[in-house]
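Listed below, chain by chain, are the residues.
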Amino acid sequence: MRLAIISDLHIGYERFSDDALLQARKALEAAHAHADAVLIPGDIFDNRTPKPEVIASAMRLFREFSGMDWAAKPAEAEGTGARAPIVVIPGTHERRAQDTENPVSLLSIAGFVVDASNRRATLEKDGEKVSIYGIAGVSEERFGEILSKLNPEPEPGAFNILMFHQSLYELLPFSDTFLRMEMLPKGFDLYVCGHIHGRVEKKLHGSDFLIPGSTVLTQLKEGEQEGKGFYIYDTSSRSFTFEYIDSRKFVLIKEDASNRSAGEVRKEIEEKVKSIAAASGSKPIIRVEITGKPKDGSINLQPKRIAEELKETAIVEIGSRIDAEEIGKDADAEELRSGKLKDISIKDYGMRLFLENLRKRGYALPIKPSDLFEVLSQEGSSRDKAISDAIALLYSSYPDASESQGSYP
Ligand SMILES: [Mn+2]
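Note that the structure is predicted; figures quoted are calculated from it, not measured. (Residues numbered from 1 in each chain as written. Predicted model: local features only at pLDDT ≥ 70, side-chain atom pairs only at ≥ 80, totals over all residues. Heavy atoms only, no water.)

Peer 1: Teacher, can you tell me more about the packing of helix H1 (residues 17-34) against helix H2 (residues 52-66) here?
Peer 2: Between two packed helices, both the angle of their axes relative to each other and the distance between the axes serve to describe the pair. Direction vectors running N to C along H1 and H2 enclose 10°, while the axes themselves pass 11 Å from each other. The orientation of H1 with respect to H2, classified from their angle, is roughly parallel. Where H1 abuts H2, its residues Leu 21, Ala 24, Arg 25, Leu 28, Glu 29 and His 32 lie against Ser 57, Leu 61, Phe 62, Glu 64 and Phe 65. Residues that form the contact of H1 with H2 fall into these classes: six nonpolar, two polar and three charged. (Axes fitted to C-alpha atoms, helices over the stretch in contact; angles between N-to-C directions. Helix = DSSP H or I, 4+ residues; strand = E, 2+ residues; numbered from the N terminus. Parallel < 35°, antiparallel > 145°, perpendicular 65-115°, else oblique. Contact = heavy atoms within 4.5 Å. Nonpolar A, V, L, I, M, F, W, Y, C, P; charged D, E, K, R; others polar.)

If you want it as structure tokens, here you go:
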């Protein structure tokens, strides 16, 4: 069986909502043309309670694809009512409390997809059986507990897949509470994960471990320059290919301003942006990271003006300047300078320190630490504003505190 593994579509993602929907469609079209079935390991939606318009656009999309002819079929005995072999789980963005519906379960109730949350779903084609054990996304701290409670086991006589939506320590070493890959159960023929928005190909317990990455740009990090797409995994040859979809181009420009005039740096950025745009189909997203200080001072760079002037050519985002010399000489700065952290962004690094400190202090508030970090690290916000926003977030989360602390499954 040929399985398309498509993840993190983020339908309803406000910043690039048209891209999210269009690129989800392109991935499904290519999947229909080249595969027998589709697996989606979470984050079909960007939000756990999307607006009706967003739910409607996803419903139209999945209604269309579930109405097509697919070579594989969901096993009739399971009585899901779904005709199309599109097997899904909710991810972190769709996670809600136990016994509540989430937007992915709505697609399944409508009969467009098979929701494999915390259970097995089976696909069949010409006598071949593919068994997918899905685990709905949970907070990282609880994943180990859920895993031992569910105790997923491979089914004899089938090609077995474990599908989930989590960070693992080896992929994002933010916190000791993240599960180690080796803790995942053995005996599966393929491990499929969502959540991480860049591609990951690894081996686990002798099988392939695949994360296709998102189909839409969200993080504007170095790894997202490669282009978006999905995997096609062939169960008979146990091999896979990555299929690119036509997606909006993202380019990261690193500009060193040291010992140059701000005008010179600005001019160079403008030229680079224009030449990238000329070579791109649709308007590209370009992130510029400026390091070093121009001779006549950073103030003369006027990053907002550069972005504004180029807005017809490209979507330009100019990153804040980090001057290594201005960071204190403590151990963390040493780690940064020595390049040990070159693969993670400053923001991710900040998040890691933040999580470590929260853990040491026994953090137990009902807001996700990552949400709190987002509020506290908003660009251009003063200390007082960040604190008042964090307090507002705390109060606003009490009514549905069960969603972050509630028990799952
Ligand atoms: Mn995601």
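Having seen the structure, we can now continue with the description.
Peer 1: Mind showing me how you'd approach the coordination of the manganese ion here?
Peer 2: Put simply, a metal with four donors set out as a tetrahedron has ideal angles of 109.5 degrees, and one with six donors set out as an octahedron has ideal angles of 90 or 180 degrees. Protein-derived ligands of the manganese ion are Asp 8 (OD), His 10 (NE2), Asp 43 (OD) and His 197 (NE2), with the metal-ligand distances lying across 2.0 to 2.3 Å. Within one chain, the residues donating to the manganese ion are spaced in sequence as D-x1-H-x32-D-x153-H. Here the residue Asp 8 occupies a position in the loop between strand S1 (2-5) and H1, and Asp 43 occupies one in the loop between strand S2 (37-40) and H2, the gap between them amounting to 35 residues. Assigned by exposure class, Asp 8 and Asp 43 land together as buried. (Donors = N, O, S within 2.8 Å, 3.2 Å for Na, K, Ca; no water. Buried < 20%, exposed > 50% of the residue type's maximum accessible area, 1.4 Å probe, protein only.)

Peer 1: Would you explain the confidence of the model for the chain in this entry?
Peer 2: It should be kept in mind that the predicted coordinates are not to be read in detail where pLDDT is low. Averaged over the chain, the pLDDT score is 86; the fraction of residues at 70 or greater is 89%. Counting contacts from residues 321-330, a segment whose pLDDT is below 50, to residues more than four positions away or on other chains yields 17 contacts. (pLDDT = per-residue confidence, 0-100.)

Peer 1: Please clarify how the sheet that holds strand S10 (residues 200-204) should be interpreted in this entry.
Peer 2: For sheets, the rule is that strands pair by backbone hydrogen bonds, running either parallel or antiparallel. Taken together, seven strands build an open sheet; the order of strands is S3-S6-S7-S8-S9-S11-S10 and the sheet is mixed. For this open sheet the edge positions go to strand S3 (73-74) and S10, each flanked by a neighbour on one side alone. As defined by bridge partners, strand S7 (residues 128-134) adjoins strand S8 (residues 159-164) across five bridges and the pair is classed as parallel. Each bridged residue has a counterpart across the sheet, and for Val 130 the counterpart in S8 is Phe 159. (Pairing = 2+ DSSP bridges.)

Peer 1: Just checking my understanding: could you explain a nonpolar patch on the surface for this structure?
Peer 2: The grouping of Leu 376, Ile 387 and Ile 391 at the surface amounts to a nonpolar patch, some 230 Å² of accessible area in total. As for its placement among the helices and strands, Ile 387 is situated in helix H10 (residues 383-397). (Patch = residues over 30% accessible without salt bridge, like charges linked within 9 Å, V, L, I, M, F, W, Y side chains within 5 Å. Areas by Shrake-Rupley, 256 points an atom, 1.4 Å probe, with all protein chains shown as cover. Salt bridge = Lys/Arg side-chain N within 4 Å of Asp/Glu carboxyl O.)

Peer 1: Any chance you could explain the sheet that holds strand S15 (residues 285-291) here in plain terms?
Peer 2: Read across the sheet, three strands follow the order S14-S15-S16 without closing on themselves; strand pairing throughout is parallel. Strands with a single pairing partner mark the edges of an open sheet, and in this sheet they are strand S14 (250-256) and strand S16 (315-319). Between one strand axis and the next, the sheet turns by 20° as a mean value, whatever way the strands run. Bridging between S14 and S15 involves seven bridges; their strand directions are parallel. Note on S15: the bridge partner recorded for Val 251 is Ile 286. Packed onto the sheet, helix H5 (residues 262-278) meets S14, S15 and S16 and runs at close to 160° relative to S14.

Peer 1: Mind showing me how you'd approach the environment of Arg 248 here?
Peer 2: By the element assignment, Arg 248 lies in the loop between strand S13 (239-244) and S14. Counting along the chain gives 21 residues from Arg 248 to Gly 227, while the straight-line C-alpha distance between them is 7.9 Å. With near-sequence residues (within four places) excluded, Arg 248 lies in contact with Asp 19, Gln 23, Leu 217, Ser 282, Lys 283, Pro 284, Ile 285 and Ile 315. Only 2.5 Å separates the side chain of Arg 248 from the side chain of Asp 19, close enough to count as a polar contact. Of the polar contacts made by the side chain of Arg 248, one reaches the backbone oxygen of Lys 283; its length is 2.6 Å. (Polar contact = N/O pair within 3.5 Å; in protein donor to acceptor, adjacent residues only side chain to side chain.)

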